[in-house]
Amino acid sequence: MSLLSVAHLSKSFDGVQAIDDVSFDLEAGQLLALIGPNGAGKSTCFNMINGQLEPTAGEIRLDGHDIAGMRPRDIWRRGVGRTFQIAATFNSMTVLENVQMALLSHDRRIYRLFSRVASWKEDEAMALLDLVGMATHARRSCAVLAYGDVKRVELAIALANRPKLLLMDEPTAGMAPQERNELMALTARLAKERNIGVLFTEHSMDVVFSHADRLIVLARGRLIAQGDADTIRNDARVREVYLGTGASFSPRAALSAGASS
Ligand code: ADP
Ligand code: MG
């Protein structure tokens, strides 16, 4: 049984078919990239899996249980984590405190202002920070972190809930190419070590082709191709879809570099 099994998923907004009969599977320990031009339906697909949006039709099975239409909190409890959930208080706490808060939240303990929160889960939080390479920054305020470091703290926070499935919608947006590669290499390593399935979107084809185990390609809400990097690189429909789009995907460079290597 697959970790995540999406079948005949559809979503329409007032007659606009944002996702149209999409089916795919994701195995534990694998990185699956969801790619496609802007407006293809990637975020809509993510938001149905995390419970922010209710599907118009279809199934979303996590370990065989249909989670389609469940509330975000219940889906999170079943082990679906995501990055980009920075709390409003993020910048007012240190790196370590943020990860401790995430661990407490996982344990569903009540945060009491007058308790000695400082030592709660500190070892576990430090272990998570070590995992993402941020242990030496533990006592710094999150407000002063470099952008790439914030992303690594976000990853540690997402891991605090011990997710089986991690959803990352454009996790490397705004990062320099080297940072993008580092973050996805780290994510890939953690996915393998902890047997977490990762579904992510990413605009850089270089990053996608380097780190994803498999790719699925959406265009106008429809799944037009799926397979490994070589399959997708050489797919005529994928090339057609990408060659007409704007500069953000740099498809010509990525595709020709891939084809010649
Ligand atoms: P992507 O993430 O691939 O860029 P989206 O999932 O954001 O694409 O959008 C897919 C399509 O659905 C677009 O045509 C978009 O305008 C439409 N859409 C997304 N969210 C909404 C919404 N809340 N209401 C109406 N239309 C939406
Ligand atoms: Mg999007």
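- Named according to an unreviewed UniProt entry, the protein is Leucine/isoleucine/valine transporter ATP-binding subunit originating from Caballeronia glebae.

## Describing the sheet that holds strand β4 (residues 57–62)
Across a sheet, strands are paired by hydrogen bonds formed along the backbone, either parallel or antiparallel in direction.
Phase 1: Read across the sheet, four strands follow the order β2-β1-β4-β5 without closing on themselves; strand pairing throughout is antiparallel. This sheet does not close on itself; its edge strands, each paired only once, are β2 (16–26) and β5 (65–66).
Phase 2: Bridge count between strand β1 (residues 4–13) and β2: seven bridges; the pairing is antiparallel. Among the inter-strand pairings, L9 is bridged to a residue of β2, identified as V22.
Phase 3: Of the strands in this sheet, β1, β2 and β4 are in contact with helix α1 (residues 42–49), which crosses β1 at around 115 degrees.

## Considering the nonpolar core
Phase 1: Formed by 51 residues in total, the largest nonpolar core has its most connected members in I35 and L215.
Phase 2: Sort the elements by how many residues they give to this core and helix α5 (residues 147–160) lands first, with seven residues.
Phase 3: Other than its neighbours up to four places away in sequence, L215 contacts L32, A33, I35, V208, F209, A225, Q226, G227, D228, A229 and I232.
Phase 4: Core analysis: the second largest hydrophobic core is formed by 25 residues, F24, F46, L165 and L167 among them.

## What to know about the site of ligand 1
Phase 1: What surrounds ligand 1 is the set F13, A18, P37, N38, G39, A40, G41, K42, S43 and T44.
Phase 2: Expressed as a share of its isolated accessible area of 560 Å², the protein-covered part of ligand 1 is 57%.
Phase 3: A per-element tally of the shell around ligand 1 places α1 first, with three residues.
Phase 4: Tallied by class, residues from the shell around ligand 1 come to four nonpolar, five polar and one charged.

## Observations regarding the packing of aromatic side chains
Phase 1: According to the stated counting rule, one finds zero aromatic pairs in the structure shown.
Phase 2: The ring of F209 carries R233 above its face, with NZ or CZ at 4.5 Å from the centroid.

## Some words on the side chain of E202
Phase 1: In this fold, E202 is placed in the loop between β8 (197–200) and α7 (205–211).
Phase 2: By relative accessible area, E202 is classed as buried at 4%.
Phase 3: In this structure the side chain of E202 is engaged in a polar contact, spanning 2.7 Å, whose partner is the side chain of R180.

## A look at the pairing of strand β9 (residues 214–219)
Phase 1: In terms of burial, β9 is largely enclosed, as five of its six residues are buried.
Phase 2: Here strand β3 (residues 31–35) runs beside β9; their pairing, made up of four bridges, is parallel. In the sheet register, L34 faces β9, and the bridge partner there is I216.
Phase 3: Taken together, the five bridges between β9 and strand β10 (residues 222–227) define a ladder with antiparallel strand orientation. Looking at the pairing, I216 lines up with Q226 of β10.
Phase 4: Here β9 folds back onto β10, and the loop between the two strands holds two residues, one of which, R220, carries a positive phi near 50 degrees.

## Thoughts on the confidence of the model for the protein
Phase 1: For the protein, mean pLDDT is 86; residues scoring 70 or higher make up 85% of the total.
Phase 2: Note on residues 246–261: pLDDT under 50 across the span, and 19 contacts to partners over four residues away in sequence or across chains.

## Description of helix α4 (residues 122–131)
Phase 1: For α4, the full list of buried residues reads A125, L128, L129 and L131. Taken around the axis of α4, the buried residues stretch over an arc of 155 degrees, which confines them to a single face. Opposite the buried face of α4, at more than 90 degrees from it, the exposed residues are D123 and D130.
Phase 2: Phi turns positive, to about 75 degrees, at G133, one or two residues after α4.

## Digging into the environment of N98
Phase 1: Positionally, N98 belongs in helix α3 (residues 95–106).
Phase 2: Sequence separation between N98 and S141 is 43 residues; the distance between their C-alpha atoms is 9.6 Å.
Phase 3: The residues touching N98, leaving out its near neighbours within four places in the chain, are F90, M93, C142 and I157.

Calculation notes
- Residues numbered from 1 in each chain as written.
- Chains lettered and ligands numbered in written order.
- Predicted model: local features only at pLDDT ≥ 70, side-chain atom pairs only at ≥ 80, totals over all residues.
- Heavy atoms only, no water.
- Pairing = 2+ DSSP bridges.
- Helix = DSSP H or I, 4+ residues; strand = E, 2+ residues; numbered from the N terminus.
- Contact = heavy atoms within 4.5 Å.
- Axes fitted to C-alpha atoms, helices over the stretch in contact; angles between N-to-C directions.
- Core = buried A, V, L, I, M, F, W, Y, C linked by side-chain atoms within 4.5 Å.
- Buried < 20%, exposed > 50% of the residue type's maximum accessible area, 1.4 Å probe, protein only.
- Near = heavy atom within 4 Å.
- Areas by Shrake-Rupley, 256 points an atom, 1.4 Å probe, with all protein chains shown as cover.
- Nonpolar A, V, L, I, M, F, W, Y, C, P; charged D, E, K, R; others polar.
- Phe/Tyr/Trp six-rings, centres within 6.5 Å; stacked < 30°, edge-to-face > 60°.
- Lys NZ or Arg CZ within 6 Å of the ring centre and 35° of its normal.
- Polar contact = N/O pair within 3.5 Å; in protein donor to acceptor, adjacent residues only side chain to side chain.
- pLDDT = per-residue confidence, 0-100.
- Arc of directions from axis to C-beta.

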